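# Per-entry structural report
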Amino acid sequence: MFRTFKIAFLLRNTYKVNGIIYSLKQIPIIKRFLPATLYSNVGLKRFAAILQGIREFFSIFIGKFLYLGLMIVLPAALYKVGKADAFLHMFIFLTLIGGFMNTYMFNPTKDKYYAMILMRMDARKYTLTDYIYAMLKLFIGMSVAASVFALFVDMNVLLALSFPLFAMGMKCFLSGMKLRKYEMTSKVPNENNLSKAEWGTVFLLLAAAYGLPALKITVSIPVYVVIFLVFATGGVWGIWRIQKFESYTELYKFLLVRSAIDPEKIVKDVVEETNRNIICRDEKITSRKTGYEYFHDLFMKRHKKILWKAAKRNACIMAGIFAAVLIGVLVNETFCEKTNELLLTFLPYFVFILYLINPGGRVTKLMFVNCDHSMLTYTFFRQPKAILKLFQIRLKSLALMNLLPAGVIAASLSVLLFVSGGTKSGWDYVILIVSVLAISVFFSVHYLICYYLLQPYKEGAYMESGTYTIVSCVTYFVCFYCMKLRVDIALFGLLAIAFCLAYCIVACVLVYKIAWKTFKIRN
């Protein structure tokens, strides 16, 4: 068993090291100094392996700290119930969600494909050793993170130490249930392809996790103890079922191979089939426009349903939240004063909200899969003037989609500001509306410029760009940091408007000067 674990660990470590080297070779400045022979350099690969080992060690803790901190502790501070009560409540429901979406067993990853399909390792031994290792990491990381955060929220540390056991019991129980279901129905479980019923359950649990504390309803400690005992018992049964199951080879052949030998081709086929289903095939769709405007107009009309769906949904959600807050402002004087105080200094907070609801990344992927992937094979499509022209046309459409929910947010904030007590200067209302719309346009430009200058997608919509990943991470952390800023509406709004205008101008210049070199199909 230990020999199997050692081989599996070295295999996983090897492909991750190669992945790190490949990502480094995608960064424009660095790749000039990294030759193709880098993959065969023993000394460098040993050094990279050490770094990967260190990364693996710290990932045990960092992942759990980020999960508990961002998903539970930070939101818990926003509710009027006790922090410890909110922490316990959200942890229970999010752990239930994790049982559906992250079992550690039914995720068709590359290391499993390499080990069980290409290297023909014993599927049962590999699965058991990999599962034990994953559970061990969960126990260690969750124990440390939960104990630390328990001190911040004034929770009993012994209670917090039960959290990893609860999570392990939940995952083992649901894994055992899925294996039992496979034996009875031959339906292969895949946590990357949940059923509609499972997605519905996930959304209900998510609503219960974050919605009930707002109504001052939380799961008490005695109720948690009962739930813990139930899933601890179920977890023991799940361990027995996992150990007893004998058809791992057959299960993983279906899970990992299905329709093709190459895992990337599986993803490609799924992506192509999914995108074919969302394209409107109505032959009557046409356009009176000409040139690239005609070309883009057909794309927008054929993808209208999927492109506008998220924008309309986000607009409705924002309108609903606004209506709820407006009722609170009208009926509660204290809430009204607090709302006015927040609106005067919390404008930077909405940078992160606009970042979250912006569908730019998904739209650019659609553009690549259903349009640019074919058109980039023609040289005329990559001429500077042609690229700039299409960039500007696409920017108008993407910005218009994002302006729908942004407009609802801008109008809602100005109405709430007026109803809750107003502001000293009437210009604040204008600046508030214009700045929110400008920030929305900025994200439209940002996603599109990253797509044109970095083009991160391979065939099948696989993302293979280290630079794009770095830019995405930096964008996230900058937007997240904005939530901590407390700046007057006029100052932040004017700075945001000026920055967005400058960014748009620079983006157009860069697209014209550089994109003809970078906007291409990756091999």
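Keep in mind it's a predicted model, so treat the numbers as computed, not measured.

### Let's talk about helix 13 (residues 291-302)
For helix 13, built from 12 residues, the straight-helix expectation of 16 Å at 1.5 Å per residue is met to within 8% by its first-to-last C-alpha distance of 17 Å. Every buried residue of helix 13 is accounted for by H296, D297, L298, F299 and M300. Buried residues along helix 13 sit in contact with helix 14 (304-331), helix 17 (360-375) and helix 18 (384-419).

### Examining helix 10 (residues 221-244)
Between its first and last C-alpha, helix 10 extends 34 Å over 24 residues, near the 34 Å set by a 1.5 Å rise per residue. When helix 10 is considered as a whole, its buried residues turn out to be Y224, F228, F231, G234, G235, G238, R241 and I242. Residues of helix 10 that are buried make contact with helix 4 (83-101), helix 6 (123-152), helix 7 (157-161), helix 8 (163-185) and helix 11 (248-256).

### Quick word on the side chain of T95
Here T95 lies in helix 4. At 2.6 Å, the side chain of T95 and the backbone oxygen of F91 are in polar contact. Each residue touching T95, except ones within four places of it in the same chain, is listed here: Y67, F166, A167 and M170.

### Remarks on the packing of aromatic side chains
Under the criterion given, the structure shown has 32 aromatic pairs. Ring centres of Y224 and F228 lie 6.1 Å apart, and the angle between their planes is 40 degrees; this geometry places the pair in the tilted category. Here F228 and Y224 lie together in helix 10, a separation of four residues that amounts to about one turn. Exposure remark for F228: the relative accessible area of 18% places this residue in the buried category. Chaining the aromatic ring pairs together yields one cluster made of F87, F91, F163, F166, F173, Y224, F228, F231 and W237. Sitting above the plane of the Y104 ring, K171 keeps its charged end 4.7 Å from the centroid.

### Focus on a nonpolar patch on the surface
Judged by side-chain polarity, I50, I54, F57, F58, I62, L66, L70, M71 and L74 come together as a nonpolar surface patch covering roughly 820 Å² of accessible area. According to the relative accessible area criterion, F57 is partly exposed, its value standing at 46%.

### Comments concerning the packing of helix 4 against helix 9 (residues 196-211)
One way to put it is that helix 4 packs onto helix 9 with a least axis distance of 8 Å and a crossing angle of 165 degrees. Considering their axes alone, helix 4 and helix 9 lie roughly antiparallel with respect to each other. Here helix 4 runs over helix 9; the crossing is left-handed. Across the interface between the two elements, H89, M90, F93, L94, L96, I97, F100 and M101 from helix 4 touch E198, W199, T201, V202, L205, L206, A208, A209 and Y210 from helix 9.

### Digging into the pattern of salt bridges
Scanning all chains against the criterion turns up four salt bridges. The residue E293 makes a salt bridge to K389 at a minimum N-O spacing of 4.0 Å. You can see E293 sitting in helix 13 and its partner K389 sitting in helix 18, a full 96 residues away along the chain. Judged by its relative accessible area of 32%, E293 is partly exposed.

### Considering a positive patch on the surface
On the surface, a cluster of positive charge is made up of K305, K309, R313 and R362. Take the positive patch: its biggest share by element is three residues, from helix 14. Topologically, K309 is positioned in helix 14.

### As for unusual backbone geometry
Not every positive phi belongs to a glycine, and Y104 is a case in point at roughly 75 degrees. Counting through the fold element by element, Y104 comes out in the loop between helix 4 and helix 5 (110-118).

### Describing the packing of helix 19 (residues 427-454) against helix 21 (residues 489-518)
Close contact between helix 19 and helix 21 brings their axes to 8 Å; oriented N to C, the two are set at 20 degrees. In this view, helix 19 runs roughly parallel relative to helix 21, as classed from their interaxial angle. Crossing of helix 19 over helix 21 shows left-handed handedness. For the contact of helix 19 with helix 21, a count of residues per class yields 26 nonpolar, four polar and one charged.

### Here we look at the confidence of the model for the chain
On average, residues of the chain carry a pLDDT of 80, and 83% of them reach 70 or more. Mean pLDDT across the elements of the chain ranges from a minimum in helix 12 (residues 263-278), with 48, to a maximum in helix 10, with 90. In the predicted structure, residues 259-267 sits below a pLDDT of 50 and forms 15 contacts with residues beyond four places in sequence or in another chain.

### Section: the state of the cysteines
In the structure shown here, the tally under the stated rule is zero disulfides. In this structure C500 is a free cysteine whose sulfur lies 6.8 Å from that of C504, the closest cysteine sulfur available. C500 gets classed as buried once you look at its relative accessible area, which sits at 7%. Of all cysteine sulfurs, the one in C504 lies closest to C508, which takes part in no disulfide; the gap is 7.0 Å. Given a relative accessible area of 24%, C508 falls into the partly exposed group.

Thresholds applied
- Residues numbered from 1 in each chain as written.
- Predicted model: local features only at pLDDT ≥ 70, side-chain atom pairs only at ≥ 80, totals over all residues.
- Heavy atoms only, no water.
- Helix = DSSP H or I, 4+ residues; strand = E, 2+ residues; numbered from the N terminus.
- Expected span 1.5 Å × (residues − 1).
- Buried < 20%, exposed > 50% of the residue type's maximum accessible area, 1.4 Å probe, protein only.
- Contact = heavy atoms within 4.5 Å.
- Polar contact = N/O pair within 3.5 Å; in protein donor to acceptor, adjacent residues only side chain to side chain.
- Phe/Tyr/Trp six-rings, centres within 6.5 Å; stacked < 30°, edge-to-face > 60°.
- Lys NZ or Arg CZ within 6 Å of the ring centre and 35° of its normal.
- Patch = residues over 30% accessible without salt bridge, like charges linked within 9 Å, V, L, I, M, F, W, Y side chains within 5 Å.
- Areas by Shrake-Rupley, 256 points an atom, 1.4 Å probe, with all protein chains shown as cover.
- Salt bridge = Lys/Arg side-chain N within 4 Å of Asp/Glu carboxyl O.
- Axes fitted to C-alpha atoms, helices over the stretch in contact; angles between N-to-C directions.
- Parallel < 35°, antiparallel > 145°, perpendicular 65-115°, else oblique.
- Left-handed = near helix turned anticlockwise from the far one by under 90°.
- Lys, Arg positive; Asp, Glu negative; His and termini not counted.
- Charge placed at Lys NZ, Arg CZ, Asp CG, Glu CD.
- Nonpolar A, V, L, I, M, F, W, Y, C, P; charged D, E, K, R; others polar.
- pLDDT = per-residue confidence, 0-100.
- Disulfide = S-S within 2.5 Å.

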